[in-house]
Amino acid sequence: MKHTFLKTVIILFSILIVNKLNAQLVVNTGQTPTQYVQNVLVGGGVLVNNVTFVGSTSGPNWQIGEFSNGSTSNLGINNGVVISSGNVTVIPNASSQQLDYDYGANGDADLNQLGAGTTQDAAILEFDFQPLSNTINFKYVFASEEYNDYVNSSYNDVFGFFISGPGITGPYSNNSDNIALIPFTTNFVSINNVNNGHATGCASGPCTNCAYYIDNCNGT
């Protein structure tokens, strides 16, 4: 049985990790983390159990929810689960409303190790799964309120997709390994590793893996 856990200091699945998205995106809350994983995140052919979530699962500070209508935005995923270190309910208004929240909650040791810093307000979705075939695919989008103002600063928002299980020997908790890497590299996903430079508005370089970056400075 595989064991996977998703950690982010700020995070969509088919997961979303969040900053400024088009107002046509729809976010709903109210299900349990188990329901989100079983009903939204995974498709057929996958057995899931032992779902846990570290973060707020009730209002007014919802840190997990379900998103839809993503095809009308620049998101690239139509629907899935959204996790945030802030409040997922304000995401549809993100072009006109700031998303950063400071709950004073704990960070995560694996994210600290990944980003070589101290994290806080970590949102962690964790579950065991067993695919009934020999492959399984996840899609995710990482976004951050810290783009573009805090690029290449000490405020390095980071995302981890950790997996553990038979045959996996990694440097993180439970011998897990982080599989959320910039394509064709061993670099983890963060605002300092994926961006088009520091700016107070739309960024103009220098590019750091910007082939994987969409500058949503105009809220589109």
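For the structure, check the block above.
Residues numbered from 1 in each chain as written. Predicted model: local features only at pLDDT ≥ 70, side-chain atom pairs only at ≥ 80, totals over all residues. Heavy atoms only, no water.

Re the overall build of the protein
Put simply, the test is: Numbering goes from the N terminus for both helices and strands, where a helix is a DSSP run of H or I of at least four residues and a strand is a run of E of at least two. Only protein chains enter the area calculation, which uses a 1.4 Å probe; residues under 20% of their type maximum are buried, those over 50% are exposed, and those in between are partly exposed.
On a plain count of helices and strands, the protein comes out with 2 helices and 9 strands. Walking the protein from its N terminus toward its C terminus, one meets helices and strands in the order β-β-α-β-β-β-α-β-β-β-β. Put simply, the protein has 220 residues, and 48% of those count as buried.

Some points on helix H1 (residues 33-41)
For clarity, the threshold we go by: Our arc is simply the arc of the directions from the helix axis toward the C-beta atoms. Contacts are assigned to residue pairs with any non-hydrogen atoms lying within 4.5 Å of each other.
When we look at burial in H1, the residues that qualify are Pro33, Tyr36, Val37, Val40 and Leu41. On an axial view of H1, the arc spanned by its buried residues comes to 115 degrees, and they lie on one face. Tucked inside the fold, the buried residues of H1 contact strand S2 (26-28), strand S3 (46-54), strand S4 (64-68), strand S5 (80-83) and strand S6 (123-131).

With respect to the packing of aromatic side chains
Applied cut-off: Aromatic pairing here means that ring centres of Phe, Tyr or Trp (its six-membered ring) are within 6.5 Å. Orientation follows from the plane angle: under 30 degrees is stacked, over 60 is edge-to-face, and everything else is tilted.
If you walk through the whole model with that rule in mind, you get 6 aromatic pairs. Relative to Phe129, the ring of Phe127 has its centre 6.1 Å away and its plane inclined at 55 degrees; by these criteria the two rings are tilted. Residue Phe127 shares its accessibility class with Phe129, and that shared class is buried. With a centroid separation of 4.8 Å and 45 degrees between ring planes, the pair formed by Tyr140 and Phe159 is classed as tilted. Residue Tyr140 is located in the loop between S6 and strand S7 (158-164), and its partner Phe159 is located in strand S7; the two are separated by 19 residues in the primary sequence. Using a relative accessible area of 28% as the deciding quantity, one classes Tyr140 as partly exposed. Through successive ring pairs, a cluster of aromatic residues spans Phe127, Phe129, Phe138 and Phe161.

As for the sheet that holds S4
The following threshold applies: Two strands are said to pair when DSSP picks up at least two bridges between them. Every angle, taken between N-to-C directions, lies between 0 and 180 degrees, and every axis is a line fitted to C-alpha atoms, over only the stretch in contact when it is a helix.
In space, the 3 strands of this open sheet follow the order S2-S4-S5, with antiparallel pairing throughout. Either end of the sheet is taken by a strand with one partner, and the two such strands are S2 and S5. When the angles between neighbouring strand axes are averaged without regard to direction, this sheet yields 40 degrees.

Observations regarding the state of the cysteines
To keep it simple, the criterion reads: Only a pair of cysteine sulfur atoms within 2.5 Å counts as a disulfide in this structure description.
Enumeration according to the criterion identifies 1 disulfide in this entry. Each sulfur in the disulfide pair Cys207 and Cys210 lies 2.0 Å from the other. On the S-S bond that ties Cys207 to Cys210, the torsion sits near -105 degrees, and the link is left-handed. Owing to a relative accessible area of 24%, Cys210 belongs among the partly exposed residues under this scheme.

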